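Listed here are the chains, written in short residue letters.
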Amino acid sequence: AQSVAQPEDQVNVAEGNPLTVKCTYSVSGNPYLFWYVQYPNRGLQFLLKYITGDNLVKGSYGFEAEFNKSQTSFHLKKPSALVSDSALYFCAVRILYGGATNKLIFGTGTLLAVQP
Amino acid sequence: DVKVTQSSRYLVKRTGEKVFLECVQDMDHENMFWYRQDPGLGLRLIYFSYDVKMKEKGDIPEGYSVSREKKERFSLILESASTNQTSMYLCASSRGLAGTHGAYEQYFGPGTRLTVT
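If you're wondering where the values come from, they're calculated on a predicted model, not measured in any experiment. (Residues numbered from 1 in each chain as written. Chains lettered and ligands numbered in written order. Predicted model: local features only at pLDDT ≥ 70, side-chain atom pairs only at ≥ 80, totals over all residues. Heavy atoms only, no water.)

Enquirer: Looking at this structure, how should I read the overall build of chain B?
Expert: The secondary structure content of chain B amounts to zero helices and eleven strands. In chain B, the succession of helices and strands from N to C terminus is β-β-β-β-β-β-β-β-β-β-β. For 117 residues, the compact-globule formula gives about 13 Å, and the C-alpha radius of gyration of chain B, at 14 Å, lands near that figure. A buried classification covers 50% of the 117 residues belonging to chain B. (Helix = DSSP H or I, 4+ residues; strand = E, 2+ residues; numbered from the N terminus. Rg over C-alpha atoms; globule rule 2.2 N^0.38 Å. Buried < 20%, exposed > 50% of the residue type's maximum accessible area, 1.4 Å probe, protein only.)

In structure tokens, the structure reads:
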């Protein structure tokens, strides 16, 4: 079955330290992967996506993600965390439907808490 | 900027009521989606639509229906609301068919927190 997993419910990091939010996937064919962020009482905002090419993808707000095909992972990273990065983060993978139409399967989310 | 709006931020309904959740996008997107978000379960797809009057069931369509009469508007209908439909409902839209070699990101509305009592 095609799926995406976020193994950590919560990640705690001190402000200024690097952060990593983990994501692993299982899909047939080429994976198309996304990261979204959700601030309290808001909808999801797109951060970045991996389609093809460079394994390191850069996105909004200084975030980047590293695609690793052999480990089927797509971890979200940031070199220096800010308190304002505290939010709920979702990883998602595209699933082909009906040969062309595509939809996303989301992970269960990881709550990032950055302490000042 | 893409804008996806939802008719209500908070809604309280009684068991058995018929509930309409409205979503409008202003970017001429072909695809529209309805999700529900529950703690520990992430986002689950209820229905989606890839064209006017077209709809497809997602992963949890039971108890819901949808309507898409115009390209910019996608409505979610709870025919007879039940307490287990208390949740956050998120609407999203995206550009059209990306085929097998691409993927378009989805843009989300702010969500409607529905409470059924």
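Enquirer: What am I meant to see in the overall build of chain A here?
Expert: Looking only at helices and strands, chain A has zero helices and twelve strands in total. Principal-axis analysis of the C-alpha atoms gives chain A an extent of 45 × 30 × 25 Å. Counted over contacts in chain A with a minimum sequence separation of 6, partners at least 24 positions apart contribute 54%. Taking the average place of the 9 positive charges on the side chains of chain A and the average place of its 7 negative ones, the gap between the two points comes to 10 Å. (Contact = heavy atoms within 4.5 Å. Lys, Arg positive; Asp, Glu negative; His and termini not counted. Charge placed at Lys NZ, Arg CZ, Asp CG, Glu CD.)

Enquirer: Could you clarify how one ought to interpret the sheet that holds strand β7 (residues 64-70) of chain B in this entry?
Expert: All names here are of chain B. Ordered in space as β1-β3-β8-β7, the four strands form an open sheet in which the pairing is antiparallel. At either end of the open sheet lies a strand with only one pairing partner, and these are β1 (4-6) and β7. The mean inter-strand angle of the sheet, taken between neighbouring strand axes irrespective of direction, is 20 degrees. Bridging between β1 and strand β3 (residues 19-25) involves three bridges; their strand directions are antiparallel. Note that in β3 the partner of Val4 across the bridge is Gln25. (Pairing = 2+ DSSP bridges. Axes fitted to C-alpha atoms, helices over the stretch in contact; angles between N-to-C directions.)

Enquirer: Looking at this structure, I do not really get the packing of aromatic side chains. What am I missing?
Expert: Tallied over the entire structure, the rule returns 16 aromatic pairs over all chains. Between A:Tyr50 and A:Phe74, the aromatic rings sit 6.4 Å apart at their centres with planes inclined by 55 degrees, giving tilted as the arrangement. Note that A:Tyr50 is positioned in strand β6 (residues 44-50) and A:Phe74 in strand β9 (residues 73-78), a separation of 24 residues in sequence. Since its relative accessible area comes to 7%, A:Tyr50 is described here as buried. The interplanar angle of 90 degrees and the centroid separation of 5.4 Å between the aromatic rings of A:Phe106 and B:Tyr35 together place this pair among those described as edge-to-face. Residue A:Phe106 is found in strand β11 (residues 101-106), and its partner B:Tyr35 is found in strand β4 (residues 31-38); the two belong to separate chains. The exposure class of B:Tyr35 is buried, given its relative accessible area of 0%. Members of the aromatic cluster, each reached through a chain of ring pairs, are A:Phe34, A:Tyr36, A:Phe46, A:Phe90, A:Phe106, B:Phe33, B:Tyr35, B:Phe48 and B:Phe108. (Phe/Tyr/Trp six-rings, centres within 6.5 Å; stacked < 30°, edge-to-face > 60°.)

Enquirer: When you look at the pattern of salt bridges in this model, what are you seeing that I'm missing?
Expert: Close approach of charged atoms allows side chains of opposite charge to pair. What the rule picks out here adds up to eleven salt bridges over all chains. Across the pair A:Lys49 and B:Glu105 runs a salt bridge, and its minimum N-O distance is 2.8 Å. Taken as a pair, A:Lys49 in strand β6 and B:Glu105 in the loop between β9 (87-94) and β10 (107-108) lie in two separate chains rather than in one. Owing to a relative accessible area of 25%, A:Lys49 belongs among the partly exposed residues under this scheme. Accessibility expressed as a relative area gives 15% for B:Glu105, which makes it buried. Between B:Asp38 and B:Arg36 there is a salt bridge, and its shortest N-O distance comes to 2.8 Å. Given the relative accessible area of 8%, B:Arg36 is considered buried. Among the charged side chains, a salt-bridge network with shared partners connects B:Asp28, B:Glu30 and B:Lys71. (Salt bridge = Lys/Arg side-chain N within 4 Å of Asp/Glu carboxyl O.)

Enquirer: Just checking my understanding: could you explain the side chain of A:Thr110 for this structure?
Expert: Residue and element names in this part refer to chain A. Its place among the elements puts Thr110 in strand β12 (residues 110-115). For Thr110, a relative accessible area of 0% puts it in the buried group. Looking at Thr110, its side chain comes within polar contact range of the main-chain oxygen of Glu8, at 2.7 Å. If sequence neighbours within four positions are ignored, Thr110 has contacts with Gln6, Glu8, Asp9, Gln10, Val11, Val21, Ala87, Leu88 and Tyr89. (Polar contact = N/O pair within 3.5 Å; in protein donor to acceptor, adjacent residues only side chain to side chain.)

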